[in-house]
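Take a look at the letters that make up each chain.
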Amino acid sequence: MQNANAYEQLPKHEIFINIADKNIKGYKEIELLRRIDGDETEFITIMYFESLDAVKQFAGENYDVAVVPENARRLLLRYDRTSQHYEILKQKQS
């Protein structure tokens, strides 16, 4: 659980800021989700982009490979090696 608390701070105070500072055209926002399951904590990061080209600008041509900074890898027991990409079909109305 100690690593979970440390990891939670990393995206909020470093990783998300670094991503925003890249000024990627088509990058919209990022969310961090947390779920506790027994003695493990799971995190999911959801990023929103306007297009696949924007995803490629962020992740590179091999955009299916997950972008996990080294300092985050040191805190995680495991992480997905690949990313999943979805198209938003309907957005919520405000």
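To be clear, the structure that these remarks concern was listed above.
Here's what I pulled together on the structure shown here. Everything quoted here is computed from the prediction, not taken from an experiment.

Quick word on helix 2 (residues 52-59)
An α-helical turn contains 3.6 residues, so any two residues separated by three or four positions project in the same direction.
Step number 1: If you check which residues of helix 2 are buried, you get Ala 54, Val 55 and Phe 58. Burial along helix 2 is one-sided: seen end-on, the buried residues are contained in an arc of 105°.
Step number 2: Against helix 1 (2-21), strand 1 (27-37) and strand 2 (40-49) lie the buried residues of helix 2.
Step number 3: At the exit of helix 2 stands Gly 60, carrying a positive phi of roughly 95°.

A few points about the environment of Glu 31
Step number 1: In this structure, Glu 31 sits in strand 1.
Step number 2: For Glu 31, a relative accessible area of 32% puts it in the partly exposed group.
Step number 3: C-alpha of Glu 31 to C-alpha of Pro 11: the two residues are 20 residues apart in sequence and 9.5 Å apart in space.
Step number 4: Non-local contacts of Glu 31, meaning those with residues more than four positions away in its chain, are made with Phe 16, Ile 44, Thr 45, Ile 46 and Tyr 48.
Step number 5: For Glu 31, the side chain forms a polar contact with the side chain of Tyr 48, separated by 3.2 Å.

Conventions and cut-offs
- Residues numbered from 1 in each chain as written.
- Predicted model: local features only at pLDDT ≥ 70, side-chain atom pairs only at ≥ 80, totals over all residues.
- Heavy atoms only, no water.
- Buried < 20%, exposed > 50% of the residue type's maximum accessible area, 1.4 Å probe, protein only.
- Helix = DSSP H or I, 4+ residues; strand = E, 2+ residues; numbered from the N terminus.
- Arc of directions from axis to C-beta.
- Contact = heavy atoms within 4.5 Å.
- Polar contact = N/O pair within 3.5 Å; in protein donor to acceptor, adjacent residues only side chain to side chain.

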